[in-house]
Each structure stands twice: as C-alpha cells, then as structure tokens.
Amino acid sequence: MDSTYIFLQNYWWFLVSLLGAILVFLLFVQGGNSLLFRLGRTDEERTLLVNSTGRKWEFTFTTLVTFGGAFFASFPLFYSTSFGGAYWLWMIILFSFVLQAVSYEFQSKLGNLLGKRTYQYFLVVNGVVGPVLLGAAVATFFNGSNFIVDKVNMTDRMMPVISSWANGWHGLDAFGDPWNLILGLAVFFLARLLGNLYFINNIRDNELIPRCRRQLISDAVPFLVFFLAFVIRTLLKDGFAVVAETGEIVMEPYKYFHNLTAMPVLLIVFLVGVVGVLYGLGMSIFKTSYTKGIWFSGIGTVLTVLALLLSVGYNDTAYYPSVADIQSSLTLANSCSSKFTLKTMAYVSILVPFVLAYIVYAWRAIDNKPITSKELKEDEHAY
C-alpha cells in the first residue's frame, strides 16, 4: 500500500484518539453534575456547582460533536457501522447531552413549568448516563461488537447496505459484556474525580470545598478498582490482530500488551499519564491548600486515554472488532476514507492548533478568578 496513504490513516487515527482523550477529560462537567445533590447541601451551594460546570459544558458538547464528525470524515465505515447499527446506545448518549443543554438554559428561566430542581436532576442524569455509556462504547474497541460487514452489498441496487447489526439490540448488547460496564464505571468515577478537582480549583467556599476533598477519597477507591481491573484484563487477554500481508483478522494472545511493548513511546505516555492522575489526586487529598490538581490529573487523563486508543488502532490491530464475524472487524486500512479525502482534510487539520489556542484563551478568560456566592448574586447571567 502507498506509504503516504498509510501515514494519513495513522495521522487521522491519532487526531481522532486525541479528540477522544480530550473528551474524557472534559467529562469533568458530567462528573461534577452527578455530585450536585451529594455536595450541595443548600440552594446556594448547588447554584455555585451548577455555575462552575455551566461555564464549561459547551466545550464538552462541542468536543463530542467534533469527535463524531472526525470519525465520520476519516473512517466512514466505522461511523456507518457503529452509529448506524448500535444506534440505541449512541442515541441515549446524545439524548442525555441534549438534556444537559436544555437543563442549563432553562432551569433559571422565569415561569418554567418543571421547576429549577427538576432541571438539576436532569443534570445528574446526564452526569451518570453520559460517562457510563461513553466508557462502555469505548470498551467495545477492545472487546468487540455484534456486526457484519459485506462490501459486496454495494453492488446490490435493492439493498446497498455494507454493514448490519447481527442482533436486534442495536448497541444495548454492549451491556451484556461485564467488562464494558467495568470501563464505563471507571470512566464515571474518573469524571467525578475530575469534577471534584475542578470545583476545588474553580470555587471558593469554606464549607463546600472541604466536602469536595473528602469526596475525592470516596470516588478514588472504586475508580482505581475498576480501572486497574480493566487494564490488567485487557493486557492479558487475546486481542484482534491483523495479518499485514493478507489483511486477515486473527486472535493473538496478549495483543494489547504486545502493542505497548512494541511501541515504547506509547507505554511511556501511558505511565506518565497514570502518574499524573495519581499525583493530582494525592496532592489534592493530602494538602488542603492545593488547588491545581485538575491540571495534573486532567493532562494525565488525556495522555492515558490517548495511549490506550492509539494502542487499539496501531501495530496491525483491528480497532473495532466483530464478535459475530471476526473477518468483518474494522481496521485503519479497510474502514478509512480515500487518500484524496484524508489528504485534503489533513490540510484543514492545520487549523487545529489555532482552535486549541482559542479554547485555552477562552478558558482563561472565563476562569480569570474563582467563583464565589457574592459574585453570582451580582451576575445577571448566572444559571
């Protein structure tokens, strides 16, 4: 295969993986919202929490949409297979995020029929459903999904459907594999940890912030249990390997462990990311004046997730395996766009650093000073 084409496939998998890693970090919004009634004992405290995450929810929503768009443009067969076949799973995820947007915008509107508390419960629903289902969806990259791909159907004028789901559950069958749920729960508790760390950094309240630090301990234990269980099992399980010469999919023992050892840079990125997450948590728990944990744990989260996603696509690996028909599994080579499309989009991707720079600028402008109850009382645009 053309070496330029291979480079473009790997380049776009890197960009998609980076967007996915940033999305997991930005789930601190959902994690914080899931704790709304656990941390907020009064209406004033809950208003502080809602306005803290409310200034960032658009970043998460935009990144989710961009992640889906990048996947559609660069690996359209995955998009049509997963989003088109496992549509119940993705529709529930999207609906929960739409529910979040509606909740922020309408909870403080005069005359809303449902009442402010109802909309806050909607935020909690999104805070639980979003991370768990997104984690379960990502876990299928390692554990497989029930679909069949037959490109010969493209010539069928009556039914030109390339891929189809192998059962009637259309994505809900992901919950039939407990390991998908384990990663979903790991992402959920990670989001709660990041949400607490963000509150500690962004809010100044003498009663609320000590509560956030205590909550870190409650969420850190289940996160470590679920995360370590998933990682250890994944590194020891058989993986979906691609025979480079023929494109055939075969099962390879310790495939994902071999991927990390074959690509030591990814192993280093993964370990640095894990250390960053633990450092941010440890400093925030044991040092009561420390407020920068979100940055160490946040960057650590991005690096850890990036390494995991790259390891599932690189080194001749099927990144979206099929348990219904192993030869239907999707790889970078058999599911990507044309060379022309990938090359054209690569030029457009040059703008990505400028977009990231704008996000950093907007973030700093929004968070130029911590939130206080006094500030919110004077803010006409508070949620």
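What counts, and where the lines are drawn
Residues numbered from 1 in each chain as written. Predicted model: local features only at pLDDT ≥ 70, side-chain atom pairs only at ≥ 80, totals over all residues. Heavy atoms only, no water. Helix = DSSP H or I, 4+ residues; strand = E, 2+ residues; numbered from the N terminus. Rg over C-alpha atoms; globule rule 2.2 N^0.38 Å. Buried < 20%, exposed > 50% of the residue type's maximum accessible area, 1.4 Å probe, protein only. Contact = heavy atoms within 4.5 Å. Areas by Shrake-Rupley, 256 points an atom, 1.4 Å probe, with all protein chains shown as cover. Lys, Arg positive; Asp, Glu negative; His and termini not counted. Charge placed at Lys NZ, Arg CZ, Asp CG, Glu CD. Pairing = 2+ DSSP bridges. Axes fitted to C-alpha atoms, helices over the stretch in contact; angles between N-to-C directions. Parallel < 35°, antiparallel > 145°, perpendicular 65-115°, else oblique. Left-handed = near helix turned anticlockwise from the far one by under 90°. Nonpolar A, V, L, I, M, F, W, Y, C, P; charged D, E, K, R; others polar. Patch = residues over 30% accessible without salt bridge, like charges linked within 9 Å, V, L, I, M, F, W, Y side chains within 5 Å. Salt bridge = Lys/Arg side-chain N within 4 Å of Asp/Glu carboxyl O. Arc of directions from axis to C-beta. Phe/Tyr/Trp six-rings, centres within 6.5 Å; stacked < 30°, edge-to-face > 60°. Core = buried A, V, L, I, M, F, W, Y, C linked by side-chain atoms within 4.5 Å.

Undergrad: Just to check I follow, could you spell out the overall build of the protein for this structure?
TA: Helices and strands together make up the secondary structure of the protein, namely 17 helices and 4 strands. Relative to a compact globule of 383 residues, whose C-alpha radius of gyration would be 21 Å, the protein shows 21 Å and is just as compact. Overall size of the protein, expressed as C-alpha extent along the three principal axes, is 65 × 45 × 40 Å. Scored against the burial criterion, the 383 residues of the protein give a buried share of 52%. For the protein, the proportion of contacts with a sequence separation of at least 24, taken over those separated by at least 6, is 76%. Accessible surface for the protein amounts to roughly 17,700 Å². Of this, 69% is attributable to carbon and sulfur atoms. Across the protein, the 26 positively charged side chains and the 24 negatively charged ones have centroids separated by 9 Å.

Undergrad: Would you mind showing me how to read the pairing of strand β3 (residues 239-242) here?
TA: On a regular strand, each side chain points to the face opposite its neighbour's, so the side chains alternate between the two faces of the sheet. Taking every second residue as pointing to the same face, both faces of β3 are buried, with G239 and A241 on one and F240 and V242 on the other. Connecting β3 to the next strand, strand β4 (residues 249-252), in antiparallel fashion are 6 residues, including G247 with a positive phi near 80°.

Undergrad: Could you clarify how one ought to interpret the packing of helix α1 (residues 3-26) against helix α5 (residues 57-74) in this entry?
TA: For any two helices packed against each other, one specifies the inter-axial angle together with the distance between the axes. Across the interface, α1 lies against α5 with an axial gap of 9 Å and an inter-helix angle of 160°. Judged by the inter-axis angle, α1 sits roughly antiparallel to α5. Of the two possible hands of crossing, α1 and α5 adopt the one that is left-handed. Across the interface between the two elements, W12, W13, V16, L19, G20, I22, L23 and L26 of α1 pack against F59, T60, T63, L64, T66, F67, A70, F71 and S74 of α5. Split into classes, the residues belonging to the contact of α1 with α5 amount to 12 nonpolar, 5 polar and no charged.

Undergrad: Explain a nonpolar patch on the surface to me, please; I cannot follow it from the model alone.
TA: Among the surface-exposed residues, L224, L228, I232, L236, Y254, F257 and L278 lie close enough to one another that they form a single nonpolar patch of about 650 Å² accessible area. Counting residues per element, the nonpolar patch draws most heavily on helix α10 (residues 208-236), at 4 residues. Considering the arrangement of structural elements, one finds L278 in helix α12 (residues 264-286).

Undergrad: Explain helix α15 (residues 339-348) here, please?
TA: In an α-helix, one full turn covers 3.6 residues, which means residues spaced three or four apart are oriented alike. L342, M345 and A346 are the residues of α15 that are buried. One side of α15 carries all its buried residues, which in axial view fall inside an arc of 110°. Residues of α15 that are exposed and point over 90 degrees away from its buried face: F340, Y347 and V348. The secondary structure elements touched by the buried residues of α15 are α1 and α5.

Undergrad: Honestly, the packing of aromatic side chains in this entry has me stumped. Any pointers?
TA: Any pair of aromatic rings gets described here by the distance separating the centres and the angle formed by the planes. A full pass over the atoms with the stated rule returns 41 aromatic pairs. Where W13 meets F75, the ring centres are 5.8 Å apart and the plane angle is 80°; that geometry is what we call edge-to-face. Taken as a pair, W13 in helix α1 and F75 in the loop between α5 and α6 (76-85) lie far apart in primary sequence, 62 residues in all. Residue classification places W13 among the buried residues on the basis of a relative accessible area of 1%. Accessibility expressed as a relative area gives 0% for F75, which makes it buried. Seen in terms of ring centroids, F142 and Y256 are 5.3 Å apart; in terms of plane orientation they differ by 70°. Their pairing is edge-to-face. Placement of the pair is F142 in helix α8 (residues 116-143) and Y256 in helix α11 (residues 255-262), with a sequence separation of 114 residues. Y256 shares its class with F142; the two are buried.

Undergrad: Looking at this structure, how should I read the nonpolar core?
TA: A general feature of soluble globular proteins is that nonpolar side chains tend to end up buried together. In terms of nonpolar packing, the biggest core is built from 107 residues, with W13, F71, F75, F78, F141 and Y319 touching the most fellow members. By residue number, the principal contributor to this core is helix α9 (residues 178-202), which donates 14 residues. Discounting residues that sit within four places of it in the chain, Y319 has contacts with W13, F71, F75, F78, F141, V312, G313, L330, T331, L332 and S335.

Undergrad: Please clarify how the environment of W13 should be interpreted in this entry.
TA: For the pair W13 and C336, spaced 323 residues apart in sequence, the C-alpha to C-alpha distance is 9.6 Å. With near-sequence residues (within four places) excluded, W13 lies in contact with F71, F75, F141, L309, L310, V312, G313, Y314, Y319 and L332.

Undergrad: Before we go on, may I ask you to explain the pattern of salt bridges in this structure?
TA: When the charged atoms of two side chains lie near each other, side chains of opposite charge can form a pair. If you walk through the whole model with that rule in mind, you get 5 salt bridges. As a salt-bridge pair, R46 and D43 come within 2.7 Å of each other at their nearest N and O atoms. Of this pair, R46 and D43 both sit in helix α4 (residues 43-54), 3 residues apart, roughly one helical turn. Residue classification places R46 among the buried positions, given a relative accessible area of 6%.

Undergrad: For this particular structure, what's the right way to read the pairing of β4?
TA: Looking at chain direction, β3 and β4 are connected through 4 bridges and run antiparallel. Of the residues in β4, the one forming a bridge with V242 is I249.

Undergrad: Would you mind going over the packing of α1 against α15 with me for this structure?
TA: Running from N to C, α1 and α15 cross one another at 55°; their axes reach a closest spacing of 10 Å. Relative to α15, the element α1 lies oblique. Once α1 is placed against α15, the crossing between them reads as left-handed. Where α1 abuts α15, its residues T4, Y5, L8, Q9, Y11 and W12 lie against K339, L342, K343, M345 and A346. Partitioned by chemical class, the residues of the contact of α1 with α15 number 7 nonpolar, 2 polar and 2 charged.

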